[in-house]
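Examination of the molecular architecture
The chain contents come next:
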Amino acid sequence: MKLFDRNRLSCRQVGKVLQQFLDGEIDHVTRERVADHLDDCRRCGLGADTYLQIKAALARSATEPTAEALERLRDFGERLAAGHDPGTAES
Ligand SMILES: [Zn+2]
């Protein structure tokens, strides 16, 4: 595992673009970097899965997202963007 590969995004960077990435609103270079990160990083991968599950559930039900689901998603992205580890303690 390479920590400081210049072509790799940090969790913080991924958090900032994760939603655009999952919505397909991102340039292809960044898209590939995010995809690489999600492959390597279980934490961010789980966040992406959560987001996709919410989207899929919305598509199926055609109802408004629950406040809880949106809050969970927003919280995850914000924690990553702020450099906080959403799962484990980080110094
Ligand atoms: Zn990550």
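The following refers to the structure shown. This structure is a prediction, so every number in the text was calculated from the model and none was measured. (Residues numbered from 1 in each chain as written. Predicted model: local features only at pLDDT ≥ 70, side-chain atom pairs only at ≥ 80, totals over all residues.)

1. So, the overall build of the protein
Across its full length, the protein holds four helices and zero strands. For the protein, the α and β elements follow one another from N to C terminus as α-α-α-α. For the protein, the residues scored as buried account for 19% of the 91 residues in total. Within the protein, counting contacts between residues at least 6 apart in sequence, those at least 24 apart form 59% of the total. (Helix = DSSP H or I, 4+ residues; strand = E, 2+ residues; numbered from the N terminus. Buried ≥ 20, exposed ≤ 12 C-beta atoms within 10 Å, placed from the backbone. Contact = placed C-beta atoms within 7 Å.)

2. With respect to helix α4 (residues 67-81)
For α4, built from 15 residues, the straight-helix expectation of 21 Å at 1.5 Å per residue is met to within 8% by its first-to-last C-alpha distance of 21 Å. Among the residues of α4, Leu73, Phe76 and Leu80 are the ones counted as buried. The arc enclosing the buried residues of α4, seen along the axis, measures out at 60°, which places them on a common side. The outward face of α4, more than 90 degrees from its buried face, is lined by the exposed residues Ala67, Glu68, Leu70, Glu71, Arg74 and Asp75. Of the residues flanking the end of α4, it is Gly83, one or two places downstream, whose phi is positive at about 85°. (Expected span 1.5 Å × (residues − 1). Arc of directions from axis to C-beta.)

3. Thoughts on the environment of Val17
Relative to the helices and strands, Val17 is located in helix α1 (residues 11-23). Separated by 17 residues in the primary sequence, Val17 and Val34 place their C-alpha atoms 8.2 Å from one another.

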